[in-house]
Amino acid sequence: METKKWKPIEGYEGLYEVSENGEVRSLHKKNYRKIISARKDRAGYLTIRLSTKGKTATKFIHRLIAEVFIPNPENKGYVNHKNGIKTDNRIKNLEWATHAENVAHAYTTGLIKTKSTKRVIDLCTGEVFASIKEAASMHKLNYHTCKNMLYGYIRNNTCLSLAA
C-alpha cells in the first residue's frame, strides 16, 4: 500500500492537512482523518472549504499544495498548472509563476484564446476588410460607430456588413 505524505495547512494547523496528491482531510474529532470532497468552481479549479474560529473560507487546492510542498524562493504570487489542466493538482504539474508568466502560459496552452478579428465586406464594392477597425478607417468612420452599425445597435447607413 502506497503511503501519502500529509502536511498541515498554514493557518489551519491541527484542523486540516493536505496530501501531495491534492486530498484534504479533516483533523476535527468528529471527522478525524476524513477526506473532504472538493468542488469545481466556475473557472474549472478544484476548491475546498475550510473553517477555523467560526469563519469559513474557500481555498484553491492547487494553491494549498504549492504553499505546503513547493518552495517559492522568488516569492512569486501565482500557481501555474504546467500541462494546462486545471484539475491536475499533482506536485510535478504545479509551479510558482508571476502574473505575466501565468497569463503567457494560459495563451500558449490555449486556456485563453486570442481574439478573432471579424472580417467586414463592403456590399457595394465587394471589398473585404480584415477587421472592423480597418473598415472604419477606410470609410472614415469612428470605430465604435462602425462596430455598433455592424452589430445592429444603430442604423447602418453604409454598405458594410460582417463577412460570414
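The preceding data block contains the structure.
A quick note: this is a predicted structure, and the numbers were derived from the prediction, not measured.

**Quick notes on the overall build of the protein**
Part 1: Scanning the protein for helices and strands turns up 4 helices and 12 strands.
Part 2: Its C-alpha radius of gyration of 25 Å places the protein more than 25% over the 15 Å reference for a compact globule of 164 residues.
Part 3: C-alpha extents for the protein along the principal axes are approximately 75 × 30 × 30 Å.
Part 4: The buried share among the 164 residues of the protein stands at 29%.

**A closer look at the state of the cysteines**
Part 1: For the structure shown, the criterion picks out 1 disulfide.
Part 2: Between the sulfur atoms of cysteine 124 and its disulfide mate cysteine 159 the distance is 1.6 Å. Taking the sign of the S-S torsion, about -40° here, the bridge from cysteine 124 to cysteine 159 comes out left-handed. Pair noted here: cysteine 124 is in the loop between strand 10 (120-122) and strand 11 (128-129) and cysteine 159 is in the loop between helix 4 (143-150) and strand 12 (160-162), with a separation of 35 residues, a long-range link.
Part 3: Relative accessible area serves as the criterion here: at 30%, cysteine 159 is assigned to the partly exposed category.
Part 4: Cysteine 146 takes part in no disulfide bond, and the closest cysteine sulfur to it belongs to cysteine 159, at a distance of 12 Å.

**Observations concerning the side chain of asparagine 89**
Part 1: On the secondary structure map, asparagine 89 appears in the loop between strand 8 (78-81) and strand 9 (94-97).
Part 2: Given a relative accessible area of 6%, asparagine 89 falls into the buried group.
Part 3: For asparagine 89, the contacting residues outside a window of four places in its chain are Glu20, Leu46, Ile61, His62, Ile65, His81 and Leu94.

**Considering the packing of aromatic side chains**
Part 1: With the rule as written, the count across this model stands at 3 aromatic pairs.
Part 2: Measuring from ring centre to ring centre gives 5.9 Å for tyrosine 12 and tyrosine 16, while their planes differ by 70°; the resulting arrangement is edge-to-face. There is no split in this pair, since tyrosine 12 and tyrosine 16 are both buried.
Part 3: Aromatic side chains tyrosine 45 and phenylalanine 60 sit 5.7 Å apart centroid to centroid with 75° between the ring planes, which places their arrangement in the edge-to-face category. A residue pair is termed long-range when its members are at least 10 positions apart, and tyrosine 45 in the loop between strand 5 (39-40) and strand 6 (46-52) and phenylalanine 60 in strand 7 (residues 55-60) qualify at 15 residues.
Part 4: Classification of tyrosine 45 as partly exposed rests on a relative accessible area of 23%.
Part 5: Its guanidinium or amino end placed over the ring of tryptophan 6, arginine 25 lies 4.0 Å from that ring's centre, counting from NZ or CZ.

Rules and cut-offs
- Each chain carries its own residue numbering, running from 1 in the written order of its sequence.
- Reporting of local features is limited, given that this is a predicted model, to residues whose pLDDT is at least 70; pairs of side-chain atoms are given and counted only at 80 or more, and all residues count toward the totals for whole chains, interfaces and linings.
- Excluding hydrogens and water, the side-chain values take into account all heavy atoms of the structure.
- What counts as a helix is a DSSP run of H or I of at least four residues, what counts as a strand is a run of E of at least two, and both are numbered from the N terminus.
- C-alpha atoms define the radius of gyration, and 2.2 Å times the number of residues to the power 0.38 defines the globule rule.
- For each residue, the accessible area found with a 1.4 Å probe, counting protein chains only, is set against the maximum for its type, and the residue is called buried under 20%, exposed over 50%, and partly exposed in between.
- To count as a disulfide, a pair of cysteine sulfur atoms needs to be within 2.5 Å.
- Residue contacts are defined here by distance: any two heavy atoms, one from each residue, within 4.5 Å place the two residues in contact.
- Only rings of Phe, Tyr and Trp enter the pairing, Trp through its six-membered ring, and a pair is recorded when the two centres are within 6.5 Å. The plane angle decides the type: under 30 degrees is stacked, over 60 is edge-to-face, the rest tilted.
- Only when the NZ atom of a Lys or the CZ atom of an Arg is both within 6 Å of the ring centre and within 35 degrees of the ring normal do we say a charge sits over the ring.

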